[in-house]
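As a plain string of letters, each chain reads:
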Amino acid sequence: MNQCKVCNKVCKGRADKIFCSKDCSNKFHHAKRKKQIDIITTTNAILLKNRNILAEIFEKEKRKKLKVEKLFLSKKGFNFQYNTGIYFNRERKLYHYVYDYAWMEFSTQEVLIVRK
Ligand SMILES: [Zn+2]
């Protein structure tokens, strides 16, 4: 007989049971679902922050393209690891989408940011 995955009590009944009760099964699945929601919520918050940082820069600028220091974005809390997609332009430059904005590594210190 197996031990319950949640409370370690012996599971009575079918040999393949992994929870002692419906209650423990619910607890386990609820915790699993919460973990998934937490990951999604955290990721969405990072993406939204990235998008708002770019939007704020363009708010004061009428241009559609801007060169900015990577450090400037980092200091604002921009996370370069989180993007909503990628694409290569005609010159084969790699752009990272952040919703309706995108950025491209221009040099080791600068990125080109564009509004879509
Ligand atoms: Zn249990």
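Scroll up to find the structure this text is about.
A.B. asks: Where do I start with the overall build of the protein in this structure?
C.D. replies: When helices and strands are tallied, the protein shows 2 helices and 5 strands. Of the regular secondary structure in the protein, the N- to C-terminal order runs α-β-α-β-β-β-β. Sorting the 116 residues of the protein into buried and exposed places 10% on the buried side.

A.B. asks: Honestly, the sheet that holds strand S4 (residues 101-105) in this entry has me stumped. Any pointers?
C.D. replies: What links the strands of a sheet is backbone hydrogen bonding, and the strands pair in either a parallel or an antiparallel sense. With respect to topology, 5 strands assemble into an open sheet ordered S1-S5-S4-S3-S2, the strand pairing being antiparallel. Of all strands in the sheet, those with a lone pairing partner are strand S1 (65-69) and strand S2 (85-88), marking the two edges. Between one strand and the next, the sheet's axes are offset by a mean angle of 30 degrees, whatever the strand orientation. Where strand S3 (residues 94-98) and S4 come together, 4 bridges link them in antiparallel fashion. Bridge pairing in S4 links Tyr95 to Met104. Sheet strands touched by helix H1 (residues 22-59): S1, S3, S4 and strand S5 (110-115). Its angle to S3, the strand with the most contacts, is close to 105 degrees.

A.B. asks: How should unusual backbone geometry be read in this particular structure?
C.D. replies: Glycine aside, the phi torsion of most residues is negative, and most peptide linkages are trans. Phi at Asn8 takes a positive value of approximately 70 degrees, unusual for a residue other than glycine. If you trace the backbone, Asn8 turns up in the segment before H1. The backbone of Tyr99 sits at a positive phi, close to 55 degrees, despite the residue not being glycine. Exposure remark for Tyr99: the 16 C-beta atoms within 10 Å place this residue in the partly exposed category.

A.B. asks: What's the story with the nonpolar core in this structure? I'm lost.
C.D. replies: It is characteristic of soluble globular proteins that their nonpolar side chains tend to be buried jointly. Grouped together as the largest cluster of nonpolar side chains are 9 residues: Leu54, Leu73, Phe78, Val98, Tyr101, Ala102, Trp103, Val111 and Ile113. Put simply, the parts of the chain that give this core at least two residues each are S4 and S5. Per-element tally for this core: the top contributor is S4, with 3 residues. When sequence neighbours within four positions are dropped, the list of residues in contact with Ile113 reads Leu54, Ile57, Leu66, Val68, Tyr101 and Trp103.

A.B. asks: Could you clarify how one ought to interpret the environment of Ile53 in this entry?
C.D. replies: Inspection of the secondary structure assignment puts Ile53 in helix H1. Between the C-alpha atoms of Ile53 and Gly77, which are 24 residues apart in sequence, the distance is 8.1 Å. Setting aside anything within four residues of it in sequence, one finds Ile53 in contact with Leu73, Lys76, Gly77 and Phe78.

A.B. asks: Quick question: what am I supposed to make of H1 here?
C.D. replies: Given 3.6 residues per helical turn, the α-helix brings residues three or four places apart onto the same face. With 38 residues, H1 ought to run about 56 Å at 1.5 Å a step, and its terminal C-alpha atoms sit 54 Å apart, in line with that. The element H1 is largely exposed, with a buried count of 2 among its 38 residues.

A.B. asks: Help me understand the pairing of S2, please; the structure alone is not making it clear to me.
C.D. replies: Side chains on a regular strand alternate between the two faces of the sheet. Two strands pair when backbone bridges link them, and S2 and S3 are joined in this way by 4 bridges, in the antiparallel orientation. Bridge assignment links Ile86 to a residue of S3, and that residue is His96. Hairpin connection of S2 to S3: 5 residues between the antiparallel strands, including Arg92 at a positive phi of 65 degrees.

A.B. asks: It is not clear to me how the pairing of S5 should be interpreted in this structure. Could you clarify?
C.D. replies: Here 5 bridges tie S1 to S5, and the two strands are oriented antiparallel to one another. The partner of Lys67 across the bridge, within S5, is Leu112. Pairing of S4 with S5 involves 5 bridges; the strand directions are antiparallel. Each bridged residue has a counterpart across the sheet, and for Trp103 the counterpart in S5 is Ile113. Remark: 4 residues form the turn of the hairpin made by S4 and S5, two consecutive strands paired antiparallel.

Basis of the calculations
- Residues numbered from 1 in each chain as written.
- Predicted model: local features only at pLDDT ≥ 70, side-chain atom pairs only at ≥ 80, totals over all residues.
- Helix = DSSP H or I, 4+ residues; strand = E, 2+ residues; numbered from the N terminus.
- Buried ≥ 20, exposed ≤ 12 C-beta atoms within 10 Å, placed from the backbone.
- Pairing = 2+ DSSP bridges.
- Axes fitted to C-alpha atoms, helices over the stretch in contact; angles between N-to-C directions.
- Contact = placed C-beta atoms within 7 Å.
- Core = buried A, V, L, I, M, F, W, Y, C linked by C-beta atoms within 7 Å.
- Expected span 1.5 Å × (residues − 1).

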